[in-house]
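Next come the chains, spelled out residue by residue.
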Amino acid sequence: MPGLADATRGRILFGGDYNPEQWPEETWHEDVRLMKDAGVNSVTLGVFSWARLEPRPGERDFGWLDRLMDLMHEHGIGVVLATPTASPPPWLGHLHPDTLPVDEDGRTEWWGGRQHFSHSSAVYRRHAAAITEDLAARYGGHPALTMWHINNEYCTFDWGDEAAARFRDWLRRRYGTLDALNAAWGTAFWSQGYGDWAEVHTPRHAHYLKNPTQVLDFRRFTSDMLLECYLAERDIVRRHTPHLPVTTNFMPLWTGQDAWRWAEEEDIVSVDLYPDPRDPLGAQQAALVQDMTRSQARGPWMLMEQAAGPVNWRGVNHPKPAGLNRLWSLQAVARGADAVCYFQWRQSRQGAEKFHSGMVSHAGERGRTYQEVKRLGAELGRIGAEVTESHTGSGIAILHDWHSWWAGAHEGRLSGEVDYPQVLTAWHRALWEAHLATDFAHPEHDLSAYKLVVVPQLYALTDAAIENLLSYVRQGGTLVSGFLTGVADQDDRVRPGGMDVRLRELFGIRTLHEWWPLDAGEAVECDGFRGTLWSEEIETDGEAVVAAAFKGGELDGLPAVLRKGRARYLATLPEADQLRAMLAESAAEAGVRPVLEGLPAGVEAVRRGEVLFVLNHGRESVAVRVPGAFRDLLTGMNVTDELTLDRYGVAVLKP
Amino acid sequence: MPGLADATRGRILFGGDYNPEQWPEETWHEDVRLMKDAGVNSVTLGVFSWARLEPRPGERDFGWLDRLMDLMHEHGIGVVLATPTASPPPWLGHLHPDTLPVDEDGRTEWWGGRQHFSHSSAVYRRHAAAITEDLAARYGGHPALTMWHINNEYCTFDWGDEAAARFRDWLRRRYGTLDALNAAWGTAFWSQGYGDWAEVHTPRHAHYLKNPTQVLDFRRFTSDMLLECYLAERDIVRRHTPHLPVTTNFMPLWTGQDAWRWAEEEDIVSVDLYPDPRDPLGAQQAALVQDMTRSQARGPWMLMEQAAGPVNWRGVNHPKPAGLNRLWSLQAVARGADAVCYFQWRQSRQGAEKFHSGMVSHAGERGRTYQEVKRLGAELGRIGAEVTESHTGSGIAILHDWHSWWAGAHEGRLSGEVDYPQVLTAWHRALWEAHLATDFAHPEHDLSAYKLVVVPQLYALTDAAIENLLSYVRQGGTLVSGFLTGVADQDDRVRPGGMDVRLRELFGIRTLHEWWPLDAGEAVECDGFRGTLWSEEIETDGEAVVAAAFKGGELDGLPAVLRKGRARYLATLPEADQLRAMLAESAAEAGVRPVLEGLPAGVEAVRRGEVLFVLNHGRESVAVRVPGAFRDLLTGMNVTDELTLDRYGVAVLKP
Amino acid sequence: MPGLADATRGRILFGGDYNPEQWPEETWHEDVRLMKDAGVNSVTLGVFSWARLEPRPGERDFGWLDRLMDLMHEHGIGVVLATPTASPPPWLGHLHPDTLPVDEDGRTEWWGGRQHFSHSSAVYRRHAAAITEDLAARYGGHPALTMWHINNEYCTFDWGDEAAARFRDWLRRRYGTLDALNAAWGTAFWSQGYGDWAEVHTPRHAHYLKNPTQVLDFRRFTSDMLLECYLAERDIVRRHTPHLPVTTNFMPLWTGQDAWRWAEEEDIVSVDLYPDPRDPLGAQQAALVQDMTRSQARGPWMLMEQAAGPVNWRGVNHPKPAGLNRLWSLQAVARGADAVCYFQWRQSRQGAEKFHSGMVSHAGERGRTYQEVKRLGAELGRIGAEVTESHTGSGIAILHDWHSWWAGAHEGRLSGEVDYPQVLTAWHRALWEAHLATDFAHPEHDLSAYKLVVVPQLYALTDAAIENLLSYVRQGGTLVSGFLTGVADQDDRVRPGGMDVRLRELFGIRTLHEWWPLDAGEAVECDGFRGTLWSEEIETDGEAVVAAAFKGGELDGLPAVLRKGRARYLATLPEADQLRAMLAESAAEAGVRPVLEGLPAGVEAVRRGEVLFVLNHGRESVAVRVPGAFRDLLTGMNVTDELTLDRYGVAVLKP
């Protein structure tokens, strides 16, 4: 199968979404000049061009794209060609209102924005296939073409009638019989037993709490329907260009797609990444997404979109201070990105995103933004050959699963304060701040390569996943798990005892009497730390060691942290510093060492292949010890044992 | 008429909702063993069993219920049989979409939750009657059957077309002519005059403020339609079993039902009660509901649902600390409950409420929850014969009326900070903390048995209610009223002068110049206390005594508390301690004494018949003086003059 | 053309909305007695009388109105007759559901409130025209009639199908061709190119951000459709009574109407004004609206509605302390009002606004409210001849434009913290607190009469407006502009460089690198002040003087205030005191002096013609220096050089 290396060929891809249809053609030539000047070697064309390509049903207008493809080729800039199916032209919704999604409350999502397509609409799929077919036929052989980009940020839900019909089909495939569905959904509760497939619906606005498994299956269905849309287009372009890789861009930790499943169907895993420049933990958020994307890609991946400056969808949208765009771009490369791309090349003057930055901002060539992009382009050019296609290793896996997230998010849960992405982030942060490199893994993945596996929270686990964990520990692995793990099965059926008995045995829990969720802002004292979000009333099996107990309150003296052999269980979420210390200790015991020892606060070290990236996320310059002799690929200077990094400074050290 | 005593026969009913259709039949036998062990003597079957009983329209599947009824009978456990009409099977909504409620915004409430039935749907009512008829015919003679439970927590609203048609009928019955309706609704304002009945609608989404009387009548109509649904089913089961009592379970202080009116149609008044275990005033909230339910029942009542541990519908759902379930259960008994039941027997593993606790929690028999249930069952068995059917007396009535609440809640009111349930709660709390036993009464009830009547806030009063209050005071009664009382009549028409002239004369108010609502968190200084929520610019009639004046600000020197003979008027809401002192003083003057004098903080005393319940709501053990010699029915020990209660401890003292 | 002077004839109009159809006719005579007693000389009849006038389609009931018109005439009270079209009778919506507006989410706005009419409905317009025609024909010649009042507070939006059809027509008129529309809307972005007019829709609920220019045009369209409704009715009454002035009442700074445009079509500009009596800046809010209304009227104007006491649509609705109604009424007269009117004469006992005060409150004749109204009526009678028709001059103009506001409010903007009305208010406040009289002007108005022009924020400016500003400065004017000015053109297309190049040259900005919006509550230190809301990364052209620089942070040393000749640019919003100092300095340099020097805090001075109003907004009495000899028109006393004002006191001084 083709892959990212087919597009990079030893260079880091540098560029971004290019939407020249917004500009007069004279601007295109100015664009090319600036691109060349900035080292841009890849642009993505056509992401939102459907109405331009097919201004009326069945018509085609390819002339402008022909000229663009040729222009790019002429200047040695590779083209990632997108299928334009994320935003159908107005005529599609007008002629076929059934192609528009309908929300939970029965509201139609009209055109005038984007992504106003129902994943379930046969008409939409037919039109999407037709334009994809024609694009692939026309440009499959074009020398500028390096890669296919299908749709954009798949993210629509649909509760409408056609979606309901497809949902029924999906359920029929999943369950075979209504009896099996009734059993899985627990419809004996609240008199929800279905006697006919036709009675089954998407989980629409209801009087009170909805059936949790129906909602869970609806999320699975949504991910699968979007995947069907992707696969249909992928298969078309693949038929025309079997030698070219295909991708679609994820949004980070997006709830709507099971990205583990999706990644299997992508030649290149790509992601859009927009940490808030004002967020003191922005670099960690980025690291999390980078680690997860690399894990999904099982190797180098593509940063499909980032912003050179501000975005325009937050409450307040901050620009990037000088140096931050470079820092975060190199951080992505350090964590395995072989492509550093942006939305978008030239900031729009019109439309809903005209305050979203571009590589060329409103200030133009003179603007600080473009000047920094240009510097970065040169630097990426300098290091590409040394880093592309090389891997980032890790002895630690963080387990993550969308289905578990979905199941645990039901409105009828015990605590609305427990937010899965926040818990996941807290655990990743603890490891990141301890300079411990991490991968992410699915709970059913082979974990044998890891010395330490952590489970921030896997509320729902299949039997296979549970057996996988048991077998991992049995074979000598070290496992640390947070609370609310193993509570339910794949149908969101609570395991007897409130937690799977095998896991209880693993951690040494005889009886889990009650869960004691904590209020917002509440903390509970424990031996040596403070717990947040959650606590539990546990009776041990007598074999487990109470590594820390709750102090005071109703749970005084009961276990907060249990340890039994190589398995640990945390019945609360320790505050950041303490979770870091705890996981660092577990890592040390498991034989995993930090990337570098003794790093100053705010400095991150990442090893990619044999190259060592050292990144200063602080706003002050700082001295860093790096034992050994290196050449800094950015500066060409030699570095021995110590270097000084300016604010937002980066060194890319080759031994 | 049959009543609660027909079911209790000297025992306190102990048990709960039992939904065995969620479990394999082998679990049923385990259930029976645990029930017997825990002293369970009553279970409620069939609350949400419609889809099981009638899996397809017109089909019946009674076999499983036959077996259950027999099983219960065999083990001496009485059955409260529910009509399953609170959650119609999916086929009903599928075949008859007009049975689904429609909300104010036009959104359909789909199946997949519960209570997705329109109270106005003729089709729904026909199907509900049919299943009720068949249930009654089949089980009316079953020896296990002790009581009927109709539907569950009636609470749906409906703004749809069939509801609109019934609303028009209801209005025609209420008003006779459109002229009368136009007069009552004040449709001369904003050009709302109706010229044809067909023009009258449910108060749907509007551009701006809705007609207040239309909204008020819609609330009355809703309560009446739900009552019609109840009566229809009640009459069916009563026809089959005239000797068995019938109930439906209220939700505490629920806005949708005029429970005074409903209680008249129930043989047993029952309620569901779920105070937050974390709420420091949880016990008072419970006491309020218990006092109100007892007052509606005019004697013993049934605690139909409580939780042995956490519920699952709050933001954060806390379990009950050890002892609290027992404490609050015995508090209910002290206040007149002859039945202590739970939702539900065995915690569900599936469905929307699987994190709502059960008497048997996920932890099962070993779990603390079940163990405490078992202890409680034994204790209730010990005291049942001494307390059932006995009454709790009170010299004080708190007046409460749903219609007044509804009228005062219009979006066009002067202050959104004035929340009727909170005001009612504040007044009840003042009396509760002063250890003064209270009943609730409707403003048109005979009040002559009470020495003190308090009116926290009765914004809208009929002429009959006003005359009732005047007559009460005339005959020597002591009356204390809060602000916003007597402002409007039954049509929400403001009384001339902003307050009924008879009440103004009663309290000594010549002119009520302006209302001065206070901002959130604002307090106003008064002689001897601080007022919250409200203040008023009052001119007295020269006869009233200004018991306290406002100090400072625009109202400096104007009356905050007026007193004229046995009538007092509070133009603000004193802070908790001061309202308590004020009401305690009024009670003392009226000759009402606390249940016990000198109780420590957090200790409650309740007299039921000749039995004295002493309850420690605190988390520390405490010594309590109880003058006299008693036997503690729980322990069998003698108590003379003093006893010590552990945290959450209870003594049930018989002289 | 007729104007306000035709109705005032030397008197200040005093009175209000009179809705006697809510009362028995005996009350009318009581009303007249109280009106005469209070000096009422003008009432508005019929605002919400449609259902009374036309109880069934096509029927007419004018008898009651005949009697009222005669009664008013008999007692010398002029009548402002309203067309009743703001609240159609229930039968209209019932017979023609298409006359009801539909909101963005597809929800119908039902009758039962008010303003439930679609501006786009042909049926509504036809019925509105018919009743207007009949009213005008019947009462055009009535001697009581002094003025026409069309509809009331035009404020409905409509996203429905008929509105969509009219929107398409409106767009066709605006753009001529679809190509022009596509260019203006920037539909090349996100594949929104329209190929057929029928595809164009109102901007309904969408998946993500909507097209900004579509939303902007929809706002323009809404204002224009409402104006069409107004014009249609105005033209009818004008045909009958060409000698009588016509008005419709604005709401202050209401987003839905381009009041500059509307004012051109009104013979009298009138406004409804309801500052919060609790707001410490209530008087400034009032002053802003008064200044703006006077500027729209280009002379005397009409205060159509105010409240004698509380309103009923805030969260908490406070009454007016003694004296405040008088103070704020005289403030309006000082700023050019020749009519001081209320909603409403007699407080309603029923309906949605029964807690909105009236001139006669629930407390009636004895109530403080009426007594104060009566005093005020007498005082207005005393000063009317001296002030009506005279003008208030100002050397300063604040520029304001609805289209710019609309464009800048798109959901995709950089900062949700920047709220245009708040920015406008902050600038007006600075001038008001500096005792600098201000007008408002449209950016394309002739500004030559002003010595100082300030631009709080004009995000979108036409070329004509930009040239107007340039020419103003060229001709010696002093200009001070806030940030986010000149960013976009009339289609919300960002100007190259992020700010119009001509304005950049004017202020001395070579490159605007990035916008740095601030978080809520954040402040940035600058030389001599603290900035809020916003900051910018600016490179000067070398000619501009950096009047103040940012201190610390990423922008350290960069310009916060630029000055180039007579033009100043503020890249942030200084805190209140500092903005006041800055604008006072600019005014002084431009030769504009405060109305009075050395005024104590809380005292306002306004000059109208030769009459000087001095108003004490404080709650303490205060001595004020007023150099010169005057007669106080309210008291008849002479004042020389100094006077003492009680709390809320006012002096109306004639030299």
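Keep in mind the model is a prediction, meaning the values are calculated, not measured.

Rules behind the numbers
- Residues numbered from 1 in each chain as written.
- Chains lettered and ligands numbered in written order.
- Predicted model: local features only at pLDDT ≥ 70, side-chain atom pairs only at ≥ 80, totals over all residues.
- Heavy atoms only, no water.
- Contact = heavy atoms within 4.5 Å.
- Buried area = accessible area lost by both parts, 1.4 Å probe.
- Salt bridge = Lys/Arg side-chain N within 4 Å of Asp/Glu carboxyl O.
- Polar contact = N/O pair within 3.5 Å; in protein donor to acceptor, adjacent residues only side chain to side chain.
- Helix = DSSP H or I, 4+ residues; strand = E, 2+ residues; numbered from the N terminus.
- Nonpolar A, V, L, I, M, F, W, Y, C, P; charged D, E, K, R; others polar.
- Least-squares fit on C-alpha atoms with pLDDT ≥ 70 in both.
- Buried < 20%, exposed > 50% of the residue type's maximum accessible area, 1.4 Å probe, protein only.
- Phe/Tyr/Trp six-rings, centres within 6.5 Å; stacked < 30°, edge-to-face > 60°.
- Lys NZ or Arg CZ within 6 Å of the ring centre and 35° of its normal.

A. Seen up close, the interface of chain C and chain B. Of the residues lining the interface, 58 residues belong to chain C; the matching set on chain B comes to 57 residues. When chain C packs against chain B, the two sides together hide about 4800 Å² of surface, and 53% of this comes from carbon and sulfur. Run the count over chain C and chain B and you get eight salt bridges. For B:Glu522, the salt bridge goes to C:Arg278, with nearest N and O atoms at 2.7 Å. The tally of links from chain C across to chain B stands at 34 residue pairs in polar contact (both at pLDDT 80 or more). Going through the elements one at a time, helix 3 (50-53), helix 5 (90-95) and helix 13 (368-387) of chain C are the ones with two or more residues in the side of chain C that touches chain B. Counting residues per element, the side of chain C that touches chain B draws most heavily on helix 5 of chain C, at three residues. Of the residues in the side of chain C that touches chain B, the class split is 22 nonpolar, 21 polar and 15 charged.

B. Structural context of the relation of the copies chain C and chain B. Of the transformation superimposing chain C on chain B, the axial component is 0.0 Å and the angular component is 120°, with the fit at an RMSD of 0.0 Å. Such a combination of turn and shift is consistent with a three-fold rotation axis.

C. Region of interest: the pattern of salt bridges. Overall, the coordinates contain 186 salt bridges over all chains when judged by the stated rule. Between C:Asp519 and A:Arg278 there is a salt bridge, with its nearest N and O atoms 2.9 Å apart. On the criterion of chain membership, the pair formed by C:Asp519 in the loop between strand 14 (509-517) and strand 15 (523-526) and A:Arg278 in the loop between strand 7 (270-272) and helix 11 (282-297) is interchain, its members lying in two chains. By relative accessible area, which is 29% here, C:Asp519 ends up partly exposed. B:Glu133 is the salt-bridge partner of B:Arg239, the closest N and O atoms lying 2.9 Å from each other. On the criterion of sequence distance, the pair formed by B:Arg239 in helix 9 (residues 212-240) and B:Glu133 in helix 6 (residues 122-139) is long-range, its members being 106 residues apart. Judged by relative accessible area, B:Arg239 falls into the exposed class, the value being 53%. Through salt bridges with shared partners, a single network forms among A:Arg234, A:Asp235, A:Arg261, A:Glu264 and A:Glu265.

D. Looking closely at the packing of aromatic side chains. Taken as a whole, this structure holds 82 aromatic pairs over all chains when the rule is applied. Centroid distance A:Trp159 to A:Phe218: 4.9 Å. Interplanar angle 40°. Geometry classified as tilted. With A:Trp159 in the loop between strand 4 (145-149) and helix 7 (161-175) and A:Phe218 in helix 9 (residues 212-240), this residue pair connects regions lying 59 residues apart in the sequence. Of the two residues examined, A:Trp159 and A:Phe218, each falls in the buried class. Aromatic side chains C:Phe167 and C:Phe218 sit 5.8 Å apart centroid to centroid with 85° between the ring planes, which places their arrangement in the edge-to-face category. Here C:Phe167 is found in helix 7 (residues 161-175), whereas its partner C:Phe218 is found in helix 9 (residues 212-240), with 51 residues between them in sequence. Put simply, the rings of A:Phe157, A:Trp159, A:Phe167, A:Trp170, A:Trp185, A:Tyr194, A:Phe218 and A:Phe221 pair up and form one aromatic cluster. It is A:Arg204 that lies over the ring of B:Trp110; its NZ or CZ is 4.5 Å from the centre.

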